[in-house]
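Notes for the structure review
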Amino acid sequence: MKDNPIAEQHIREVLSHFTLEGSIAGISSYGSGHIHDTYFVKNSKAACPNYLLQRINHNVFRNVPLLMENIEQVTQHLRKKLAKIPGASPEKEVLTLVPTYGKQSFYCDINGNYWRVYFLLEGTRSYDLVGSPQQAYEGGKAFGRFLALLSDLDIDKLHESIPDFHNIENRLRLFKEAMQKNPLGRAEQAREEIAFAQQRAEEMSTICRMGREGRLPLRVTHNDTKFNNVLLDRFDKAQCVIDLDTVMPGYVAYDFGDAIRTTVNKAAEDERELDKIGINFEFFNAFTEGFLLETSSILTDEEIASLSLGVTLLPFIMGLRFLTDYIDGDNYYKTQFPEHNLQRARAQFRLVQVLEENRELLQSTIERATASYKTPLEDHQV
Ligand code: ADP
Ligand code: GN1
Ligand code: MG
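As the structure is a prediction and not an experimental result, all values here were calculated from the model. (Residues numbered from 1 in each chain as written. Chains lettered and ligands numbered in written order. Predicted model: local features only at pLDDT ≥ 70, side-chain atom pairs only at ≥ 80, totals over all residues. Heavy atoms only, no water.)

1. Some points on the sheet that holds strand E4 (residues 107-108)
Pairing is antiparallel across the open sheet formed by five strands, whose spatial order is E1-E2-E3-E5-E4. At either end of the open sheet lies a strand with only one pairing partner, and these are strand E1 (24-29) and E4. Summarising the sheet, E4 and strand E5 (residues 114-119) pair through two bridges and their orientation is antiparallel. If you follow Tyr107 over to E5, its bridge partner there is Trp115. This element, helix H1 (residues 8-15), spans E1, strand E2 (37-43), strand E3 (51-56), E4 and E5 of the sheet and lies at about 115 degrees to E1. Across the sheet, helix H2 (residues 64-83) lies against E3 and E5, angled at about 15 degrees from E5, the strand it touches most. (Pairing = 2+ DSSP bridges. Helix = DSSP H or I, 4+ residues; strand = E, 2+ residues; numbered from the N terminus. Contact = heavy atoms within 4.5 Å. Axes fitted to C-alpha atoms, helices over the stretch in contact; angles between N-to-C directions.)

Written out as structure tokens, the structure reads:
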């Protein structure tokens, strides 16, 4: 998706509707997300907080009031749960929205654009590429804990902010539609990738089928567990899971798979040189241990068995979505050059291939980590 830069004067006008303390020293673009426009808002008063402003992409999130209702519910629930955990700091570990003067969690400007403001979590960083096993372990713990803390939030209370988001059958349908329309004649350039997707369509539908057969419970899942959606503190300890727009009912394998996709890849999500794409097994092990530490007591055996299916499914879904957007004319993701989505699709499909080649090793790592968290009592019962 292409976008024009927004004038600072307009951004200042938008900010004037939020109950900010102090005054604004400067506003700058922030982060590397593919969806929203994010700005760092620096306070000129050292004693007052800095803020994180976002223009919500309402081409992607069609119903912003319902989306924001979800985020309010999820953050309230997390805050309540953390308040009961000794040593936890809800104000640091959960995103906090800054309300408007009209007590709303978002503001709609004269152009019909929606905006929201969070308190900036100071001293934190997000990483597009993981740098150490400790970071991977902390990421696993953070996303696992997120699931565990939300396991008692009633899924019926949440709206589906993007219907059928990770439903591969829906994604394959949209892919076929794009190929049939082929509005820019781009399908020709993507013949190999199209064949790759078609060969795997059936096999990649396993989680969907297991769900339909009632073998996998729907939980409140994050659904965008890219590694850069967890903020780490100065000591590389996980502090806060962010980017809550897609928190809605889903399967645990989706969250595990999407996080693994971005944690273990030795190269960037859009790597051009495909030979650089490979698996960092140490990071896989560390992330899995952190994730299962927090979740193994709530997950069913079938859910644990489904995790490795998520590991190949999520990069496949992302590759398919990038490919669909490429054929469609780049209407969804932000892109930096005309072939960007195709390059992203190629990189994700290569990652799928490498993960497929190592399926057994990855599966045995998951099994080992699961076994290590079983209590002796559970061992007796088995
Ligand atoms: P997108 O959906 O576009 O990825 P995110 O909500 O993930 O948007 O935000 C983009 C980036 O901004 C994140 O990767 C993170 O680095 C940073 N960020 C978001 N919220 C905060 C916050 N409250 N405090 C500090 N940094 C943040
Ligand atoms: C988008 O917002 P961001 O950049 O964290 C996308 C995810 C994809 C990801 C690929 C709402 O996430 O689903 O996995 O790009 N978010 C949405 O990098 O589509
Ligand atoms: Mg993000």
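2. Points about helix H12 (residues 359-372)
Between the first and last C-alpha of H12 there are 20 Å, a value that for 14 residues agrees with the 20 Å anticipated at 1.5 Å per step. Looking at the buried residues of H12, the elements they touch are helix H8 (252-263), helix H9 (281-295), helix H10 (301-328) and helix H11 (340-357). (Expected span 1.5 Å × (residues − 1).)

3. What to know about the site of ligand 2
Around ligand 2, the structure places 17 residues, and the nearest of them are His34, Lys226, Glu269, Arg321 and Tyr332. Within the backbone of His34, a nitrogen or oxygen atom sits 2.8 Å from an oxygen atom of ligand 2. Expressed as a share of its isolated accessible area of 440 Å², the protein-covered part of ligand 2 is 98%. Judged by its atoms lying within 2 Å of the grid points, ligand 2 is housed in the largest pocket. For the shell around ligand 2, the leading source of residues is H10, giving three residues. When its residues are assigned to classes, the shell around ligand 2 shows eight nonpolar, three polar and six charged. (Near = heavy atom within 4 Å. Polar contact = N/O pair within 3.5 Å; in protein donor to acceptor, adjacent residues only side chain to side chain. Areas by Shrake-Rupley, 256 points an atom, 1.4 Å probe, with all protein chains shown as cover. 1 Å grid on protein atoms, 1.4 Å probe; cavity = no way out; pocket = protein on both sides within 12 Å on 5 of 7 lines; lining within 4 Å. Sits in = over half its atoms within 2 Å of the grid points. Nonpolar A, V, L, I, M, F, W, Y, C, P; charged D, E, K, R; others polar.)

4. Some remarks on the site of ligand 1
Lining the immediate surroundings of ligand 1 are 19 residues, of which Gln54, Leu121, Ser126, Asn229 and Asp243 lie closest. With the chains in place, 94% of the 550 Å² that ligand 1 exposes on its own is no longer accessible. According to the grid-proximity analysis, the pocket containing ligand 1 is the largest pocket. Residues of the shell around ligand 1, tallied by class, amount to nine nonpolar, nine polar and one charged. Each of two domains, domain 1 (8-119) and domain 2 (133-381), supplies a minimum of three residues to the shell around ligand 1. (Domains from an automatic or database assignment.)

5. Examining empty space enclosed by the protein
If you walk through the whole model with that rule in mind, you get one cavity of 30 Å³ or more. Size it by volume and the largest cavity reaches roughly 60 Å³. In this structure, the largest cavity is lined by Glu203, Met204, Thr206, Ile207, Leu309, Thr312, Leu313 and Arg359. For the lining of the largest cavity, the secondary-structure elements that each account for two or more residues are helix H7 (206-212) and H10. In terms of residues, the lining of the largest cavity owes the most to one element, H10, which gives three residues. Taken together, the residues of the lining of the largest cavity break down into four nonpolar, two polar and two charged. (Points joined across faces, edges and corners; volume = space filled by probe spheres on them.)

6. Notes on the pattern of salt bridges
In this structure the tally under the stated criterion is 23 salt bridges. A salt bridge links Glu356 to Arg200, with the shortest nitrogen-to-oxygen separation between them at 2.9 Å. In this pair, Glu356 is assigned in helix H11 and Arg200 in helix H6 (residues 191-200), connecting sequence segments 156 residues apart. A relative accessible area of 12% means that Arg200 is categorised as buried. (Salt bridge = Lys/Arg side-chain N within 4 Å of Asp/Glu carboxyl O. Buried < 20%, exposed > 50% of the residue type's maximum accessible area, 1.4 Å probe, protein only.)

7. A look at the layout of surface pockets
Empty space within the largest pocket amounts to approximately 930 Å³. Looking at the largest pocket, it is lined by 47 residues, and the ones nearest its centre are Gly33, Asn228, Asn229, Ile242 and Asp243. Mapped onto the lining of the largest pocket, the elements with two or more residues apiece are E3, E5, H8 and H10. By residue class, the composition of the lining of the largest pocket is 20 nonpolar, 15 polar and 12 charged. Lining the lining of the largest pocket are residues from two domains, each supplying at least three of them: domain 1 (8-119) and domain 2 (133-381).

8. Some thoughts on the domain arrangement of the protein
Along its sequence, the protein is organised into domain 1 (8-119) and domain 2 (133-381). Relative placement of domain 1 and domain 2: their C-alpha centres are 26 Å apart. Counting from both sides, the interface comprises 28 residues of domain 1 and, opposite them, 29 residues of domain 2. Taken together, both faces of the contact between domain 1 and domain 2 bury some 2,500 Å²; the carbon and sulfur share is 58%. The largest contributions to the domain 1 side of the interface with domain 2 come from His34, Asn70 and Val74, which together make up 25% of the buried area. Among the salt bridges present, the one from Glu93 reaches Arg145, with a minimum N-O distance of 3.2 Å. (Buried area = accessible area lost by both parts, 1.4 Å probe.)

9. Regarding the pairing of strand E8 (residues 238-241)
As paired elements, strand E7 (residues 230-232) and E8 share three bridges and run antiparallel to each other. Paired with Leu232 across the strands is Ala238, a residue of E8. The turn linking E7 back onto E8 is made up of five residues, and Asp236 within it adopts a positive phi angle of 65 degrees.

10. Considering the pairing of E5
Burial analysis of E5 places five of its six residues in the buried class, the great majority of the element. Counting the residues in the hairpin turn of E4 and E5 gives five residues, including Gly112, whose phi is positive at 85 degrees.

11. Notes on the packing of aromatic side chains
Overall, the coordinates contain 13 aromatic pairs when judged by the stated rule. Between Phe256 and Phe291 the ring centres are 5.2 Å apart and the planes differ by 55 degrees, which places this aromatic pair in the tilted class. With Phe256 in helix H8 and Phe291 in helix H9, the pair connects residues that are 35 residues apart, well separated along the chain. Each member of the pair Phe256 and Phe291 is classed as buried. In textbook terms, an aromatic cluster arises when at least three aromatic residues are bridged by ring pairs, as seen for Phe256, Phe284, Phe287 and Phe291. (Phe/Tyr/Trp six-rings, centres within 6.5 Å; stacked < 30°, edge-to-face > 60°.)

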